[in-house]
Amino acid sequence: MAILFIGMPLVALLLYLLTPDLGGMPLGAFTAVMISSMAGLLASTTLSVNIINERTQGVYDLFLVRPVKRSHLLLAKYIAVVACVVAAAVLALLLANGYDWLDRGTVDAAALGQALMVTITMACVSCAVAVLVGSLLRSVLVGVILTLYAGNQLSAVIVLSSLQNVMSTEAATAIGLGIAAIVLCLAAVVFGRRLSS
Amino acid sequence: MEAIIIEELVKKYGPTVAVDHASLKVEEGTVFGLIGPNGAGKSTIIRSLLGIIPYQGGKVLISGMDMADADAQRKLKVGYLPQKAAFQEWRTTEQVLLTFGRLSGLEREHLRNRVDEVLDQLGIEEYRGRKVNKLSGGTVQKLGFAQAILHEPSVLVLDEPMASLDPASRFQFKKMIKDLRASGTTVLFSSHILSDIEDLADSVGLLQYGKVRYSGPISGLEKKVALRSELVVELADERGDWRSINMPGVDIRQPSPGYLVVHLDGPGQWDEVTPRIMEALMRAGCNIRSFNRHDPKLEDVYMAYVGGSN
């Protein structure tokens, strides 16, 4: 978590400083673009690898003899990862916009809000797919590949629809969260069956 | 009263029948040993009993309740140590115990005290702050045992608990199991180390090809394979005429040069008969170097049963 909270703003700042021609783009806007793609990617691959490893090693057996629902094991991981990633993203965006305010004297609040919603949507959708992939597969390599392509592509498609003005950011967020919920339910069913085999 | 009832349990993995109408009963406050060759179904029976995997037929109960039911898990105190205990690697030893203790219903002060107690009991206090991925296999196994007894269960289920332990740790585990039995805990454990089963178990269940071939006291198993106690006599030379000895109910054979094996036809009074056998051998001119009585061990009985000689 410490690495996320420090690393995310730092990486965004570093890339901002090293990128040659941004055409006067504010740090806040640049950070928004970086964070929205990085956050989901990092979180989802970590989550799917973690679930695959723990499932194949039999870590969950000792939970199953205690009054713990199988679905709660998955949900707890999902919520923890998404919460950490969103918190890190919020911190990074606030710091970047704070820098812009000190540098230029203005902050685009609407853009900040939009960036947050995009980040949350991408994190929720890609992590939900990661949880499903982790519940289905035993191979870490295949899991990572599927998570990167299926999870992140799906979340990008949902978000792109708002960026292309097909629908509002709020509508895209609502659809994204709905899809994440459905995928999570499916993952819970698959996880329960896989643990029983 | 039976603490554990398994009746006509059937478990299939696809077309393969892993457990075939197995039935066992474990009395409260006793230690029951589950033995059998690899793939016999011991772990499958244990996992079905604990509600970890579903089964296709039969009935499995702990203290009258089905462990697949969440209500049973809340009410019953069952401890479990799997064949290979695994934990989330980023947790420390203490964090593992605190987490499982909370999930088992222990709270704050009592939980902290129990964590201190089990760490001390198992001799892993020095690893309290160490992450699981930095622990040796034996220490992980001890941590597994610690989480199994942390909440003072009334029924303890151990799957090959001593497989990866050094002799001193095995001795420690065995002492703890004996203490648990003395305090009224029911223990069901599977093991390939038959001497441990012999030391600890009040009764055994022998599994082969998914079927329970025997369930009951160890002495009953010995009677089933009709292995006899024997007296092994080592001779200093081949000069004696042991073949001339004719004692009713005594059978003397020579399996290899320099050794004689004596069996009694009936249940023997070895203490009475041994001096008479020694006297007869010496009168026959045999120079005896040493003699030893060999009672059939569980290993001999197991090999006779599983090896198909019965």
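Here the residue index of a chain counts from 1 through its sequence in written order. Here every chain gets a letter starting at A, and every ligand a number starting at 1, in the order they are written. For this predicted model, a pLDDT threshold of at least 70 governs which residues receive local features, and a threshold of 80 or more governs which side-chain atom pairs are given and counted, while totals over whole chains, interfaces and linings are taken from all residues.

S.K.: Can you tell me about the pairing of strand β2 (residues 16-27) of chain B, naming the residues and giving the values?
M.R.: Residue and element names in this part refer to chain B. One bridge is not enough; two strands pair if DSSP finds at least two bridges between them. Put simply, DSSP marks the helices as runs of H or I at least four residues long and the strands as runs of E at least two long, and each gets a number from the N terminus on. As defined by bridge partners, strand β1 (residues 2-13) adjoins β2 across 9 bridges and the pair is classed as antiparallel. Residue Val10 lies in a different strand from β2, and its bridge partner there is Asp20. Linking two consecutive strands that pair antiparallel, namely β1 and β2, is a turn of 2 residues; a positive phi of about 65° is found at Gly14 within it.

S.K.: Any chance you could break down the pairing of strand β8 (residues 203-208) of chain B for me, citing the residues and the numbers?
M.R.: All names here are of chain B. Judged by how many residues are buried, β8 sits mostly within the fold: 5 of 6 residues are covered. Note that strand β3 (residues 31-35) and β8 share 4 bridges and pair parallel. Bridged to Phe32 within β8 is Ser203. Relative to strand β9 (residues 211-216), β8 is paired through 5 bridges, and the arrangement is antiparallel. Each residue of the ladder has a partner; that of Leu206, found in β9, is Tyr214. Counted between consecutive antiparallel strands, the loop separating β8 from β9 contains 2 residues, among which Tyr209 sits at a positive phi close to 50°. Using C-beta atoms placed from the backbone, we call a residue buried if 20 or more other C-beta atoms fall within 10 Å of its own, exposed if 12 or fewer do, and partly exposed for counts in between.

S.K.: An account of the packing of helix α5 (residues 109-136) of chain A against helix α7 (residues 169-195) of chain A is needed here, citing residue identities and associated values.
M.R.: Axes are the key here: two packed helices are described by the angle between their axes and the distance separating the axes. All names here are of chain A. The interhelical angle for the contact between α5 and α7, taken along N-to-C directions, is 15°, at an axis separation of 8 Å. As judged from the angle between their axes, α5 and α7 are roughly parallel. Of the two elements, α5 crosses α7, and the hand of that crossing is left-handed. Classifying every residue of the contact of α5 with α7 by side-chain character gives 20 nonpolar, 6 polar and 2 charged. Throughout, an axis means a line fitted to C-alpha atoms (over the contacting stretch in the case of helices), and angles, computed between N-to-C directions, take values from 0 to 180 degrees. Note that the term roughly parallel is reserved for angles under 35 degrees, roughly antiparallel for angles over 145, roughly perpendicular for angles of 65 to 115, and oblique for everything else. In this scheme the handedness of a crossing depends on how the near helix is turned from the far one: anticlockwise by less than a right angle means left-handed, clockwise means right-handed. Side-chain classes follow a simple rule in which Ala, Val, Leu, Ile, Met, Phe, Trp, Tyr, Cys and Pro form the nonpolar group, Asp, Glu, Lys and Arg form the charged group, and the remainder, Gly included, forms the polar group.

S.K.: Talk me through the sheet that holds strand β4 (residues 57-62) of chain B; I want residue IDs and the actual numbers.
M.R.: Residues and elements named next belong to chain B. Taken in spatial order, the 3 strands line up as β2-β1-β4 in an open sheet, and their pairing is antiparallel. For this open sheet the edge positions go to β2 and β4, each flanked by a neighbour on one side alone. Sheet twist, expressed as the average angle between the axes of neighbouring strands with direction ignored, equals 20°. Residue pairs qualify as contacts under a 7 Å threshold applied to their C-beta atoms, which are placed from the backbone. Against the sheet, helix α1 (residues 42-49) contacts β1, β2 and β4, and its axis sits at roughly 115° relative to β1.

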